[in-house]
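In case you want the letters, here they are:
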Amino acid sequence: MNYFQLFNLPAQFDLNLTELSSRYIKLQCQFHPDKHSAGSERDRLLSVQQTANINDAYHNLKQPLLRAEHLLALRGLRIDDEQRSFSDPMFLMQQMTLREQLADIKTATDPDAVIDNVERELQQAKKQLLAELTTALAEDKPEQDQQAADLIRKLKFFYKLQHELELIEQQLKD
């Protein structure tokens, strides 16, 4: 299913999220199961299925990495659950450094300062990679799509580290 078509939006990474939300609400109103409760069993089932499709599409288009993966899948490049190693030594070094910083938070004399530092680094790296991803996906060319796939893989590491940082913060608060 092409999520962009479902919402009648251009198949591009850079989306107007306000427009996406507006179209989501309209589609939900149109297909909500309560609106079809007096219909036939078939109509009710189709309404439930369509609502599930709308929810799934909205969830995927709303989130940058999922939107990028969907766009690449529409272009014939699927990267779901694939494992690929990185040959970028700078990226690997950055990952190791961030992991070490995460490991040191609990024993740091000022854990909040370490958390703030890691948070800044993560935000900066994600911002840079998202900008590169936007540029790569703007071109509908196989070599650009491969670059976009590599950027998505890198971003996944940063989002995972962000989640781990949030868990550590929560543990420190408890």
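Computed from a predicted structure; not experimentally measured.

Colleague: Mind laying out unusual backbone geometry, listing which residues take part and the relevant values?
Modeller: A positive phi angle is found at Asn8, which is not glycine, with a value near 55°. Among the secondary structure elements, Asn8 is positioned in the loop between helix H1 (3-6) and helix H2 (17-31). Classification of Asn8 by relative accessible area gives exposed; the value is 62%.

Colleague: Which residues make up the packing of helix H4 (residues 64-74) against helix H7 (residues 142-173), and what values go with them?
Modeller: The N-to-C vectors of H4 and H7 enclose an angle of 155°; their axes lie 10 Å apart at closest approach. The angle between the axes of H4 and H7 places the two elements in the roughly antiparallel class. Note on packing geometry: the crossing formed by H4 with H7 is left-handed. Facing Pro64, Leu65, Ala68, Glu69 and Leu72 of H4, the residues of H7 in contact are Asp145, Ala148, Ala149, Ile152, Leu155, Lys156 and Tyr159. For the contact of H4 with H7, a count of residues per class yields nine nonpolar, no polar and three charged.

Colleague: Quick one: what's the story with helix H5 (residues 89-104), residue by residue and with numbers?
Modeller: Helix length check: H5 (16 residues) gives 23 Å between terminal C-alpha atoms against 22 Å at 1.5 Å per residue, within 8%. Residues of H5 that are buried include every one of Phe91, Gln95, Leu98, Gln101 and Leu102, and no others. Relative to the axis of H5, the buried residues are bounded by an arc of 125° and lie together on one face. Opposite the packed face of H5, turned more than 90 degrees from it, sit the exposed residues Pro89 and Ala103. Contacts made by the buried residues of H5 are with helix H6 (111-138) and H7.

Colleague: Could you give an account of the packing of aromatic side chains, with specific residues and numbers?
Modeller: Under the definition given, this model contains four aromatic pairs. Their ring planes at 15° and their centres at 4.0 Å tell us that Tyr24 and Tyr58 sit as a pair that is stacked. On the criterion of sequence distance, the pair formed by Tyr24 in helix H2 and Tyr58 in helix H3 (residues 41-62) is long-range, its members being 34 residues apart. Seen from their ring centres, Phe91 and Phe157 are 5.5 Å apart, and the 70° between their planes marks the pair as edge-to-face. Highlighted residues: Phe91 in helix H5 and Phe157 in helix H7, separated in sequence by 66 residues. Of the residues examined, Phe157 reaches a relative accessible area of 34% and is grouped as partly exposed. Put simply, the rings of Phe7, Tyr24 and Tyr58 touch in pairs and so form one group of aromatic residues. Taking the ring centre of Phe13 as reference, the NZ or CZ of Arg67 above it sits at 4.9 Å. A cation over an aromatic ring shows up here: Lys126 above the ring of Tyr159, its NZ or CZ 4.6 Å from the ring centre.

Definitions and limits used
One numbering rule holds for all chains: residues counted from 1, following each sequence as written. Whole-chain, interface and lining totals are the exception, using all residues; otherwise, since this is a predicted model, local features are given only for residues with pLDDT of at least 70 and side-chain atom pairs are given and counted only at 80 or more. Hydrogens and waters are ignored; side-chain quantities use all the structure's heavy atoms. For the purposes of this entry, the term helix denotes a DSSP run of H or I that reaches at least four residues, the term strand denotes a run of E that reaches at least two, and both are numbered from the N terminus. Burial classes: relative accessible area under 20% of the type maximum marks a residue as buried, over 50% as exposed, and values in between as partly exposed (1.4 Å probe, protein chains only). To get an axis, fit a line to the C-alpha atoms, keeping to the stretch in contact for a helix; angles then go from 0 to 180 degrees between the N-to-C directions. An angle counts as roughly parallel when it lies under 35 degrees, as roughly antiparallel when it exceeds 145, as roughly perpendicular when it falls between 65 and 115, and as oblique in every other case. In a left-handed crossing the near helix is turned counterclockwise from the far helix by less than a right angle, and in a right-handed crossing that turn is clockwise. In this description, contact between two residues means that some pair of their heavy atoms is separated by no more than 4.5 Å. For this scheme, ten residues count as nonpolar: Ala, Val, Leu, Ile, Met, Phe, Trp, Tyr, Cys and Pro. Four count as charged, namely Asp, Glu, Lys and Arg, and the remainder, Gly too, count as polar. In this scheme, a helix's expected span is set at 1.5 Å multiplied by one less than its residue total. Here the arc refers to the set of directions running from the helix axis out to each C-beta atom. We call Phe, Tyr and Trp rings a pair once their centres come within 6.5 Å, taking the six-membered ring for Trp, and we label the pair stacked below 30 degrees between planes, edge-to-face above 60, and tilted otherwise. Remark: a charge is flagged as sitting over a ring if the NZ atom of Lys or the CZ atom of Arg is within 6 Å of the ring centre and within 35 degrees of the ring normal.

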